[in-house]
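Geometric and topological summary
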Amino acid sequence: MKNTWLPMCVLLSSLLPGLIIFLLSEEARRTRTVLNLTAAATKLLLTAAMAWGVFQGRQYETRVSFFPNADLVLRADSFSLLFITLSAVLWFVTTIYAVGYLEGTGHRSRFFGFFSLCVASTMGIALAGNLLTFFLFYEMLTLSTYPLVIHRGTKEALRAGNVYLRYTLSGATLLLAGVVLLYTLAGTVEFTERGALSAVSGHRTELVVAFGLLIGGLAVKAALVPFHGWLPVAMVAPAPVSALLHAVAVVKAGAFGITRVIYDVYGVYLVHDLGVTRPLAVVAAITILYGSLKALQQGDLKRRLAYSTVSQVAYIVLGISIFGTVSTIGGLVHLVHQGVMKITLFFCAGNYAEELHLHRVKELRGVGRRMPLTTAAFTIAALGMIGIPPVAGFITKWYLGIGALEANEPWLVVVLLVSSLLNAGYFLPIVYSAWFQAPREDWKPSTRPRGWEIGWALLFPTVVTAVLSVAAGLFAGAELSPLGWTRLITDREFRP
């Protein structure tokens, strides 16, 4: 028996608070904060209940008729729960961080209203049970993140918003064309384990063209080369928005969509037969190396992290493009691992900017003595991105490397090794400078209580996500760890 209300409740837990927050005055700080945190905590509880149910084999689906022969479907499966859980956990800590970061600034009701709509859109994408539902929420995400990108209202922010819209609406056109083409071939394609189109015979050319259109459209938000240009430009947004774009919502929505198309629209055996995943693996490999090389050249900390995201999200695409269970596990688990590590790095960048007005890499020398907990969190996340154990990134690279060898693709191991060296090249100098070089002398003495390097609302989320980055690596063998859950997903997708 299906539960028909829980998926809708998960969606509404961020949609309704977002709509209410728009109506609050700027002075209603306490009401807005209570509403934000209550909604985030409620979503966590609902997500935990649904995840346990899916683990036990229960079914959750909300279905509403949209137009003849086309339903809007919200459905929880093992893959959607991976993305929902990541988003719910990181939304909770990012909300705390945003409350502290935006203290005393203007337009907070507008910001948190769109912030909640952005999370609701992400939940809709994760829960979408067919291509039509996915497309609607995917575009709702574009519209709800645009006001966040231009939140500061500066000339630079408005320019970034225009670039963001040009890229994402172009991607939407490609995606819509792919959805329509598949609709003419197979109707409203329901996401199905092992592929909704796996039983379709013939139409090879049309299926290849549709695959290209869908992946081309999704590659924009996933920031695959050459569709990545919007991401570094969007770094003018406030730090909580950058964290949201890079770890929770936009780039993850693109990577999640590509995974849905490969596994639950086409199915791994059909895409392997059509020969469409090898070109995608090549694009992912190019993106990994290009993003890392560009990161090396950036003096601005947030732009360096942005190019790092371009590279790191491509690991997800690389893993799912290689035919095999081990590489798939490596790609899927990085959806979570990259999220917790990258959000830590952006929280740290925000802390440095907020407390000491540090924005450039060369300004960070000696900052570890002034802000030890923030710098420790940055160090953990940076080591994880390089792939050093026991941080979560090591698990990802281990599975991707073994998966590449099992698939007889040794050139991908070379890509991973070169990429790790480049990761070390742009992260380790920051870590060394922060801990071992003398601090600048022009920093004003801290006026905070002893032991507090920055406000608790900014420090607590930073430390929590850093701890999660280590825990995901240390307890990777646990059944309900991110790795354990992706093994469950992969077993179901590759089951004959």
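Here the structure is shown first, and the text comes after it.
In what follows, the accompanying structure is described.

Calculation rules
Residues numbered from 1 in each chain as written. Predicted model: local features only at pLDDT ≥ 70, side-chain atom pairs only at ≥ 80, totals over all residues. Heavy atoms only, no water. Salt bridge = Lys/Arg side-chain N within 4 Å of Asp/Glu carboxyl O. Helix = DSSP H or I, 4+ residues; strand = E, 2+ residues; numbered from the N terminus. Buried < 20%, exposed > 50% of the residue type's maximum accessible area, 1.4 Å probe, protein only. Axes fitted to C-alpha atoms, helices over the stretch in contact; angles between N-to-C directions. Parallel < 35°, antiparallel > 145°, perpendicular 65-115°, else oblique. Left-handed = near helix turned anticlockwise from the far one by under 90°. Contact = heavy atoms within 4.5 Å. Nonpolar A, V, L, I, M, F, W, Y, C, P; charged D, E, K, R; others polar. Core = buried A, V, L, I, M, F, W, Y, C linked by side-chain atoms within 4.5 Å. Phe/Tyr/Trp six-rings, centres within 6.5 Å; stacked < 30°, edge-to-face > 60°. Patch = residues over 30% accessible without salt bridge, like charges linked within 9 Å, V, L, I, M, F, W, Y side chains within 5 Å. Areas by Shrake-Rupley, 256 points an atom, 1.4 Å probe, with all protein chains shown as cover. Pairing = 2+ DSSP bridges.

Okay, the pattern of salt bridges next. Using the criterion set out here, one finds 12 salt bridges in the structure. One salt bridge in this structure joins R204 and D273, with 2.9 Å as the shortest N-O distance. Taken together, the residues span a long stretch of sequence, with R204 in helix α7 (residues 204-222) and D273 in helix α11 (residues 268-274) at a distance of 69 residues. Accessibility expressed as a relative area gives 43% for R204, which makes it partly exposed. One salt bridge in this structure joins D264 and R260, with 2.5 Å as the shortest N-O distance. In this pair, D264 and R260 both sit in helix α10 (residues 250-266), 4 residues apart, roughly one turn of the helix. Each member of the pair, D264 together with R260, is buried. Counted as one network, the salt bridges with shared partners bring together E61, R63, D71, R75 and E190.

Two elements in contact, helix α12 (residues 277-296) and helix α18 (residues 410-436), have axes whose closest approach is 8 Å; the angle formed by their N-to-C orientations is 20 degrees. Accordingly, the angle class assigned to the pair α12 and α18 is roughly parallel. You can see that α12 and α18 cross each other, and the crossing is left-handed. Residues R278, A281, V282, A285, I288, L289, S292, L293, A295 and L296 of α12 pack against W411, L412, V415, V418, S419, L422, N423, G425 and Y426 of α18. Residues of the contact of α12 with α18, tallied by class, amount to 14 nonpolar, 4 polar and 1 charged.

Within the secondary structure, P439 is located in the loop between α18 and α19 (456-474). Beyond its immediate sequence surroundings of up to four residues, P439 is in contact with R365, G366 and R369.

In summary, soluble globular proteins display a tendency toward joint burial of nonpolar side chains. One finds L182, I258, Y266 and F378 to be the most contacted residues of the largest nonpolar core, which totals 163 residues. Per-element accounting of this core gives the leading share, 14 residues, to helix α3 (residues 78-101). What F378 contacts, discounting residues up to four positions off in sequence, is L301, L345, C348, Y352, F427, I430 and V431. One finds V326, I329, V333 and Y399 within the second-largest nonpolar core, a separate group that totals 7 residues.

With that settled, the discussion passes to the packing of helix α4 (residues 108-127) against helix α5 (residues 131-149). The geometry of α4 relative to α5 is characterised by a closest axis approach of 8 Å and an angle of 160 degrees between their N-to-C directions. Between α4 and α5, the angle is such that the two are roughly antiparallel. Where α4 crosses over α5, the handedness of that crossing is left-handed. Where α4 abuts α5, its residues F111, F114, F115, L117, C118, A120, S121, T122, G124 and I125 lie against F134, F137, Y138, M140, L141, S144, T145, P147 and L148.

As a further point, take the packing of aromatic side chains. Pairs of aromatic rings are described using the distance from one ring centre to the other and the angle between the two planes. What the rule picks out here adds up to 21 aromatic pairs. Ring geometry for F111 and F115: centres 5.6 Å apart, planes at 20 degrees, overall stacked. Here F111 and its partner F115 are both found in helix α4, 4 residues apart, which amounts to about one turn of the helix. Under the relative-accessibility criterion, F111 is labelled buried at 1%. Pairing F112 with F115 gives two aromatic rings, centres 6.1 Å apart and planes at 75 degrees, and the pair type is edge-to-face. One end of the pair, F112, and the other, F115, are both in helix α4, 3 residues apart, so they sit about a helical turn from each other. Residue classification places F112 among the buried positions, given a relative accessible area of 3%. One aromatic cluster is present, formed by Y352, F378, Y426 and F427 through successive ring pairs.

The next point concerns unusual backbone geometry. Generally, phi is negative for residues other than glycine and the peptide bonds are trans, each holding for most cases. With an omega dihedral of 10 degrees, the bond running from V225 to P226 counts as a cis peptide bond. For P226, the location among the structural elements is in the loop between α7 and α8 (230-233). In this chain, P389 is followed by P390 through a cis amide linkage whose omega measures 10 degrees. Within the element layout of this structure, P390 appears in the loop between α16 (372-386) and α17 (392-406).

This paragraph deals with a nonpolar patch on the surface. On the surface, a cluster of nonpolar side chains totalling about 340 Å² of accessible area is made up of F66, F67, L136 and Y183. With respect to the helices and strands, the residue F67 is situated in strand β2 (residues 59-67). Looking at F67, the relative accessible area reads 34%, which means it is partly exposed.

Strand order across the open sheet formed by 3 strands is β1-β2-β3, with mixed pairing between neighbours. Each edge of the sheet is formed by a strand with only one pairing partner; in this case those strands are β1 (2-3) and β3 (70-76). Pairing analysis gives 7 bridges linking β2 to β3, with the strands arranged antiparallel. Its bridge partner being in β3, F67 is matched across the sheet by A70.

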